[in-house]
Amino acid sequence: MRAAVLRDGRMVLREDVPDPVPGPGQVLVAIRACGICGSDLHFAAHGQQMLDMTERVSRGSGGMAVDLSRDIFMGHEFSAEVLEAGPDTETHPVGTAVTSVPLLLSEQGVEPIVYSNHTIGGYAERMLLSAPLLLPIPNGLDLKHAALTEPMAVGLHAVNKSNIEPGETALVLGCGPIGIAIIAALRVRGVENIVASDFSSKRRELATAMGAHQTLDAAAGSPFDTVKRADKPAVVFEAIGVPGIIDDVLLRARSGTRLVVAGVCMESDTFHPFFAIAKEINVQFCLAYTAEEFAESLRSLAEGEIDVSPLITGEVGLDGVGAAFDDLADPERHCKILVTP
């Protein structure tokens, strides 16, 4: 079968990938749509760094065992249709539209569907999923929209970690896919004052479409000059992920601010603890989501609470994944490109 794989830092098309065969508890599915995630772009450019950092965090007890000299399968934001169940496996009928948290259960343990030399991801015609983890896509939800369940769950998780209440002000720094997902989750939560900041005019337009009440051009000055006029401290969501942002927030934010760090910074960073101490700022780091949040994200999409259609700015086949990775470097052109095998 056909699949797009990472080879020597570039996405290339393979047409000789063996068809995956479902084992007990597994289901073979046909991919209908798969979103290209920013973490995939980063892995393509800085794979060794990501592997090294993961190894340091895991202390040698379960980091990603990926060989960069071999082809790497990726793609973890997907929707699919059931084709075939493995031996002694009860699952949804053939043709059922499904999605799943990106994990594959096997006799070898739990394999994240993210970067792997052997576990096929969503940049392929077919892949394996775990029957117990499948979620049927309800209400006739467009399968292209359902593929964005995963990134929307990332935003929901950050909002849940913040414990924000509807009457509080939210300041979202960065309107890339993570920031946009946070804005969508804040709107569903009923937050009445959502302020979003970004350099890109296109991303600011998307922020408004997804629920931001006010957008600010980051090039025109600090967003805190605007938010400080509010009666209460803001709940700040950092969705940029570059060095220096955390320190700047701690310096400029009001006393009592809660800072939720959702942007994934892979570089060393420094900040002044005194800024946070003097203002009693609470800092919460967050990553990914729970299975319950994933299911809640799918429900929000299916019931129309979140419309992700403005985020889908491009669509390519498997032979166009490499060019799509290049195109996503320009925030004025794209937010989310879907791969539709």
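With an unreviewed UniProt entry as reference, the protein is termed Alcohol dehydrogenase, source organism Mycobacterium simiae.

A. Fine view of the packing of aromatic side chains. Going through the model one piece at a time under the given rule, you end up with 3 aromatic pairs. Summarising the aromatic geometry, the rings of Phe43 and Tyr115 are spaced 4.0 Å apart at their centres and angled 10° between planes, so their arrangement reads as stacked. Of the two residues, Phe43 is situated in helix α1 (residues 38-58) and Tyr115 in strand β9 (residues 115-116); the sequence distance between them amounts to 72 residues. Comparing Phe43 with Tyr115 shows no difference in burial state: the two are buried. Between Tyr289 and Phe294, the ring centres sit 5.7 Å apart and the planes meet at 40°, which makes this aromatic pair tilted. Residues Tyr289 and Phe294 agree in their burial class; the two are buried.

B. Quick peek at the pairing of strand β5 (residues 77-85). Judged from the 8 bridges that link them, strand β3 (residues 26-35) and β5 form a sheet pairing that is antiparallel. By the bridge assignment, Leu28 is partnered in β5 with Glu84. The sheet contact formed by β5 and strand β6 (residues 97-100) spans 2 bridges and is antiparallel. If you follow Glu81 over to β6, its bridge partner there is Ala97.

C. Spatial organisation of the sheet that holds strand β17 (residues 282-285). Taken in spatial order, the 6 strands line up as β14-β13-β12-β15-β16-β17 in an open sheet, and their pairing is parallel. Each having just a single partner strand, β14 (214-217) and β17 make up the two edges of the open sheet. Adjacent strand axes in the sheet meet at a mean angle of 20° when their direction is disregarded. In the sheet, strand β15 (residues 235-238) pairs with strand β16 (residues 258-261) via 4 bridges, with the strands oriented parallel. Looking across to β16, one finds that Phe237 is bridged to Val260. Packed on one face of the sheet, helix α3 (residues 149-162) meets β15, β16 and β17 and runs near 145° to β15. Set on the sheet, helix α5 (residues 201-210) makes contact with β13 (193-198) and β14; between it and β14 the angle comes to about 170°.

Reading guide: rules and limits
Residues numbered from 1 in each chain as written. Predicted model: local features only at pLDDT ≥ 70, side-chain atom pairs only at ≥ 80, totals over all residues. Heavy atoms only, no water. Phe/Tyr/Trp six-rings, centres within 6.5 Å; stacked < 30°, edge-to-face > 60°. Helix = DSSP H or I, 4+ residues; strand = E, 2+ residues; numbered from the N terminus. Buried < 20%, exposed > 50% of the residue type's maximum accessible area, 1.4 Å probe, protein only. Pairing = 2+ DSSP bridges. Axes fitted to C-alpha atoms, helices over the stretch in contact; angles between N-to-C directions. Contact = heavy atoms within 4.5 Å.

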